[in-house]
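Residue-level listing of the chains:
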Amino acid sequence: MTQRIHYVQQSPELFERFLAFHAAAKEGSIDRTLRCLVSIRASQLNGCLFCLDMHVKQARLDGERELRLHHIAVWRESPLFVARERAALVWTEALTKLSEQGVPDAIYASTRAHFSEKELSDLSFLVVAINAWNRINVAFRTVPGSSDVAFGLDQAQLA
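Remember, it's a predicted structure, so these values are computed and weren't measured experimentally. (Residues numbered from 1 in each chain as written. Predicted model: local features only at pLDDT ≥ 70, side-chain atom pairs only at ≥ 80, totals over all residues. Heavy atoms only, no water.)

A. Structural view of the overall build of the protein chain. A tally of helices and strands in the protein chain yields nine helices and zero strands. Ordering the α and β elements of the protein chain from the N terminus gives α-α-α-α-α-α-α-α-α. Here the protein chain has a C-alpha radius of gyration of 16 Å; the compact-globule value for 159 residues is 15 Å, and the two agree. The principal-axis extent of the C-alpha atoms belonging to the protein chain is close to 40 × 30 × 25 Å. Across the 159 residues of the protein chain, 38% fall into the buried class. Pairs at least 24 apart in sequence give 73% of the contacts found in the protein chain among residues at least 6 apart. (Helix = DSSP H or I, 4+ residues; strand = E, 2+ residues; numbered from the N terminus. Rg over C-alpha atoms; globule rule 2.2 N^0.38 Å. Buried < 20%, exposed > 50% of the residue type's maximum accessible area, 1.4 Å probe, protein only. Contact = heavy atoms within 4.5 Å.)

B. Representation of the layout of surface pockets. Of the voids in this model, the largest pocket is the one considered here, and its volume is about 740 Å³. In this structure, the largest pocket is lined by 28 residues; those nearest its centre are Leu 19, His 22, Met 54, His 55 and Phe 151. Counting residues per element, the ones that place at least two in the lining of the largest pocket are α1 (7–10), α2 (12–26), α3 (32–46), α4 (49–61) and α8 (117–139). Tallied by class, residues from the lining of the largest pocket come to 13 nonpolar, eleven polar and four charged. (1 Å grid on protein atoms, 1.4 Å probe; cavity = no way out; pocket = protein on both sides within 12 Å on 5 of 7 lines; lining within 4 Å. Points joined across faces, edges and corners; volume = space filled by probe spheres on them. Nonpolar A, V, L, I, M, F, W, Y, C, P; charged D, E, K, R; others polar.)

C. Structural context of the side chain of Asp 122. Looking at where Asp 122 falls in the secondary structure, it is placed in helix α8. A relative accessible area of 10% places Asp 122 in the buried class. Apart from residues no more than four positions distant in its own chain, Asp 122 is found in contact with Gly 28, Ser 29 and Ile 30.

D. Structural context of the environment of Ala 129. The residue Ala 129 is located in helix α8 in this model. Residues Ala 129 and Thr 92, spaced 37 residues apart in sequence, show a C-alpha to C-alpha distance of 11 Å.

E. Structural context of the packing of aromatic side chains. Applying the stated rule across the entire model yields seven aromatic pairs. Pairwise contacts between aromatic rings join Tyr 7, Phe 15, Phe 18, Phe 21, Phe 125, Trp 133 and Phe 140 into one cluster. (Phe/Tyr/Trp six-rings, centres within 6.5 Å; stacked < 30°, edge-to-face > 60°.)

F. Spatial organisation of the state of the cysteines. What the rule picks out here adds up to zero disulfides. The thiol of Cys 48 is not disulfide-bonded; the next cysteine sulfur, from Cys 51, is found 3.4 Å away. In this structure Cys 48 comes out as buried when scored by relative accessible area, which is 2%. Given the relative accessible area of 2%, Cys 51 is considered buried. (Disulfide = S-S within 2.5 Å.)

G. Quick look at the environment of Leu 69. Among the secondary structure elements, Leu 69 is positioned in helix α5 (residues 66–71). For Leu 69, a relative accessible area of 12% gives the class buried. For the pair Leu 69 and Trp 91, spaced 22 residues apart in the sequence, the C-alpha separation amounts to 18 Å.

Everything listed is a geometric property; what it means functionally is a separate question.
Structure below.
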């Protein structure tokens, strides 16, 4: 895989602002485990190898169990996720793959049963952020693992 352009070099001001947005979203009410699950699932759906690689490594560094990481792609069938995690994954999928009708009331209601209004808002901003990262990294074919040292992900020893 060869990166098409280096968007960080080409648009440093926009990159810094978007990085600040993402950092602010991560400071919200959603815990690290859910943030990783959401990032991994959206990246799977969007086919973003760079982000998938990054977030799997981050999840391992955060102590996530390897089997759960393998099960994210088939989370509906897996017994390894609790109701709150399942609700976050449903919401992530609904926002990542918006239908023509938007987010159905049933998905909103089932997700809202597990999250306060603040948490659901924070979760939504996290989904927006990872989808934006996915889109820019897919568009420019960012090479998986190319930022591992900069982000300390080489410590995951998954290369």
